[in-house]
Amino acid sequence: MFVGRITGSVVSSQKVEAMVGQKLLIVEPLRVNEKDQSDLTPTGRSFIVVDTVGAGQGEVVLCVQGSSARFTPETKSLPIDAAIIGIVDQVHIGHKEIFNSKD
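Residues numbered from 1 in each chain as written. Predicted model: local features only at pLDDT ≥ 70, side-chain atom pairs only at ≥ 80, totals over all residues. Heavy atoms only, no water.

(A) Just the nonpolar core, in detail. With eleven residues, the main nonpolar core is built from Phe2, Ile6, Leu25, Val27, Phe47, Val49, Ala55, Val61, Cys63, Ala82 and Ile84. Elements with a contribution of two residues or more to this core: β1 (2–10), β2 (24–32), β4 (47–51), β5 (60–65) and β6 (82–87). Those residues in contact with cysteine 63 that lie beyond four places of it in its chain are Met1, Phe2, Val27, Ala83 and Ile84. (Core = buried A, V, L, I, M, F, W, Y, C linked by side-chain atoms within 4.5 Å. Buried < 20%, exposed > 50% of the residue type's maximum accessible area, 1.4 Å probe, protein only. Helix = DSSP H or I, 4+ residues; strand = E, 2+ residues; numbered from the N terminus. Contact = heavy atoms within 4.5 Å.)

Following this line, the structure appears as structure tokens:
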């Protein structure tokens, strides 16, 4: 699993039948700041993921890749390798909060 920020969306009018109606989002993985563990910083990579939870632009989300992406009832029959399975509310490192969605 990894956390990432939604940076955009993908629209595809021609696709396999199983993917019709699936919301595709672009997610940039985040990592804990290596210098001081004070926040989450972008990695510079991007993934296209299927949204299973109704996430939106700018939100920090929890994603899975590979076969784990097909372990939900919504995705078990889809030809995918990445899916959003949660929207992140908070991230703590030790006793310090480094991300809060309400901020």
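Structure's up, so let's keep going.
(B) Unusual backbone geometry, seen in detail. Non-glycine residue glutamine 37 carries a positive phi angle of around 55°. Looking at the secondary structure, you find glutamine 37 in the loop between β2 and β3 (40–42). Taking the relative accessible area as the measure of exposure, glutamine 37 reaches 43% and is therefore partly exposed.

(C) Structural view of the pairing of β2. By the bridge criterion, six bridges tie β1 to β2 in an arrangement that is antiparallel. For valine 10, the partnering residue across the bridge sits in β2 and is leucine 24. Summarising the sheet, β2 and β3 pair through three bridges and their orientation is antiparallel. Its bridge partner lying in β3, leucine 30 is registered against proline 42. (Pairing = 2+ DSSP bridges.)

(D) The arrangement of the side chain of glutamate 28 in detail. Along the polypeptide, glutamate 28 turns up in strand β2. Buried charge without a salt bridge: glutamate 28, with arginine 5 as the nearest opposite-charge side chain at an N-O distance of 7.0 Å. Apart from residues no more than four positions distant in its own chain, glutamate 28 is found in contact with Gly4, Arg5, Thr7, Pro42, Thr43, Gly44 and Arg45. (Lys, Arg positive; Asp, Glu negative; His and termini not counted. Salt bridge = Lys/Arg side-chain N within 4 Å of Asp/Glu carboxyl O.)

(E) View of the pairing of β1. As defined by bridge partners, β1 adjoins β5 across four bridges and the pair is classed as antiparallel. For arginine 5, the partnering residue across the bridge sits in β5 and is valine 60.

Take it as geometry only, folks, not as evidence of what the structure does.
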